[in-house]
Amino acid sequence: MRRNLVVYIVIAVLILVGTVSLYQALRPLNIEKIELHYLPENRLRVRVNVTTNKSSSVQIKYWLDGSRDTLWSDVYADESDHAVILYNFLPQRQYAYQVKAQRGSDTDWSNVYSIETKSIYHATPYFTLDTLADSIREDMQSRYFLTQILTEPGAAVILNGLGDMVWYEPFSKGVKVSSWTPDRTVLCIVGSEDIPSSGGDEIVEVNLKGEYLKHFKVGQGDMDKMVHHEVRKDADGNIYAITFDHKVFDLSTAGGGPADTVKADGIVVFDPDGKKVWEWSVLDHLDVLHYPTILKDKSDLVHGNALYDDGNGFFLMSFRDLNQIWKINKKTGEVVWKFGQGGDFPMQEDDLFFAQHYVHINRRGELMILDNGVKRKQSRALSFKLDESNKQYRRALEIKYPSEFFSSVKGSSALLGESSVLTCLTDPRLFVLSDYEGNLLWKIGIGGDPYRIEEVPLLTITTP
């Protein structure tokens, strides 16, 4: 009798569990709870906690009151509890949002709720839109740009084409340089103000939700040197940067000592896990003993200031004090050629550049730079078409900036769209957009000291 009772109880439990499971499976998907949380650590992000009655994916659409543009969050995969981060807000504005939950073909929409963004109290610069041509107004409304704050406290900042800040990530240290990655993340060199030459002791990769994806620090793991002026990702997800390097030389024949330390630049490549996989030093490729100003410049020799992976197995590296661009084989470290003053390509005097920054290959296949122009006291955006086999070149683009736009240090120039050039001019604290003839189309004044500006191709999803 007792055995039969146990069997009956087991059967009853199985029936109950099966009934509950069937009920759970058959009942419609429902959004049960929504909680909005303002984040005091970042006034241009909010968190929306969403609870559903069964595991489902969740996505939120949101829009500025009065705007026809609908933004979408990332899709959060199957769970019953989600913490959704929304970004790309303007401060002190009213927004509306609506939650979508989906499980297979079963979909549930929430009611429409409101978000009121707060003013930004962090140390961030102001941006003043001074010029915007009517011909590009509509286009610029949908463009975004990444820049940075070098001073402490620092920040990586994204602004829209009207000069409004729409995203930022604050740091207690300065953000010496930043770059946008193909993974829709921001890479930063972070360091205190007393580290020279836009240098830092940390590399941080942060996504738009504010999550640190990579964080390398000097003295931890394989990061044994500080980095400066450049940090980027290559096509394999490796992170490369310019490093400070030094070696001891006998400079007695040049009027120095028998064991003088010479400081210069190198390249380091880390794999996605932070393991150092490649390293290079310019000191292995310079005749230090016969360098004409070695005693004066031994504490910062040749001053590398930009690095670019061309995607074909080579780095392009800019050396400010040489007024040269070097092409470097990524496997062997061999210097393939030098382009610029005293380099391997005979150049016309008008085409020589001085203290250049931001070397890269533009979408037209041209080598492009900002010529700071310290010798002529005139800054220019320049691009060149190179015939590497014959060591010949053709100047493809030149935009001469007026004297009041002259910038002796830092900065960047790059193509934007089909017919314009985007430039950061550090000394006058300006971002400018010009057509190929040099006509000014857009100008933003900055309440800070910018290093560079880069376009962010896609900030927030605009279609589900």
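Fair warning: this is a prediction, and the values are worked out from it, not measured in the lab. The residue numbering used here restarts from 1 in each chain and proceeds along that chain's sequence as written. Totals for whole chains, interfaces and linings use every residue, but because this is a predicted model, local features are given only for residues with pLDDT of at least 70 and side-chain atom pairs only at 80 or more, for both listing and counting. Each side-chain value is derived from all of the structure's non-hydrogen atoms; neither hydrogens nor water enter the calculation.

Visitor: Sorry if this is basic, but what is going on with the environment of Ser67 here?
Guide: Strands are runs of DSSP state E lasting at least two residues, helices are runs of H or I lasting at least four, and both sets are numbered from the N terminus onward. Looking at the element boundaries, Ser67 is found in the loop between strand E2 (46–64) and strand E3 (71–72). Sequence spacing of Ser67 and Tyr95 is 28 residues, and the spatial spacing of their C-alpha atoms is 9.4 Å. Of note is the side chain of Ser67, whose polar atom sits 3.0 Å from the backbone nitrogen of Asp69. Polar contact is defined as a pair of N or O atoms within 3.5 Å, subject to the rule that within protein one atom must be able to donate a hydrogen and the other to accept it, and that residues adjacent in sequence are counted only when both atoms are side-chain atoms.

Visitor: Looking at this structure, I do not really get the pattern of salt bridges. What am I missing?
Guide: Close approach of charged atoms allows side chains with opposite charge to pair. Any carboxyl oxygen of Asp or Glu that lies within 4 Å of a side-chain nitrogen of Lys or Arg is treated as forming a salt bridge with it. One pass over the structure, following the stated rule, counts 31 salt bridges. A salt bridge links Asp284 to Lys247; its shortest N-O distance comes to 2.3 Å. Of the two residues, Asp284 sits in the loop between strand E19 (276–281) and helix H3 (294–297) while Lys247 sits in strand E17 (residues 239–249), which places them 37 residues apart along the sequence. Here the salt bridges do not stand alone but share partners, grouping Asp351, Asp371, Arg376, Arg380, Arg395 and Glu398 into one network.

Visitor: How should I be thinking about the pairing of E17 in this particular structure?
Guide: The side chains of a regular strand alternate between the sheet's two faces. Two strands qualify as a pair provided that DSSP identifies no fewer than 2 bridges between them. Pairing between strand E16 (residues 227–233) and E17: 5 bridges, direction antiparallel. Along E17, the bridge assignment pairs Val231 with Ala241. Between E16 and E17, which pair antiparallel and follow one another directly, the connecting turn spans 5 residues, one of which, Gly237, has a positive phi of 85°. As paired strands, E17 and strand E18 (residues 260–270) are joined by 11 bridges and run antiparallel to one another. If you follow Ala241 over to E18, its bridge partner there is Val268.

Visitor: Which parts of the structure should I look at to understand the confidence of the model for the protein chain?
Guide: A low pLDDT means the predicted coordinates there should not be read in detail. For the protein chain, the average pLDDT comes to 93, and 93% of its residues sit at 70 or higher. On a scale of 0 to 100, pLDDT captures the predictor's confidence in every residue. Note on contacts: a residue pair qualifies if any of its non-hydrogen atoms lie within 4.5 Å across the two residues. Scored below 50 in pLDDT, residues 19–23 makes 0 contacts in the model with residues more than four places away or belonging to other chains.

Visitor: What's the story with the sheet that holds strand E30 (residues 430–435) in this structure? I'm lost.
Guide: The strands making up a sheet associate through hydrogen bonds between their backbones, and the pairing can be parallel or antiparallel. In space, the 5 strands of this open sheet follow the order E7-E31-E30-E29-E28, with antiparallel pairing throughout. Single-partner strands in this sheet number two, and they are strand E7 (127–132) and strand E28 (412–416). Each strand axis lies, on average, 15° off the axis of its neighbour in the sheet, ignoring direction. Taken together, the 6 bridges between strand E29 (residues 420–425) and E30 define a ladder with antiparallel strand orientation. From the neighbouring strand, Thr423 faces E30, where its bridge partner is Val432. Axes here mean lines fitted to C-alpha atoms, for a helix over just the part in contact, with angles spanning 0 to 180 degrees between N-to-C directions.

Visitor: Could you clarify how one ought to interpret the pairing of strand E24 (residues 357–361) in this entry?
Guide: Three exposure classes are used, based on accessible area relative to the maximum for each residue type with a 1.4 Å probe and protein chains only: buried under 20%, partly exposed in between, and exposed over 50%. Among the 5 residues of E24, 4 are classified as buried, and the element is accordingly described as predominantly covered. Examined bridge by bridge, E24 and strand E25 (residues 367–371) share 3 bridges and lie antiparallel to one another. For His357, the partnering residue across the bridge sits in E25 and is Leu370. The antiparallel hairpin formed by E24 and E25 contains 5 residues in its connecting segment, where Gly365 sits at a positive phi of about 80°.

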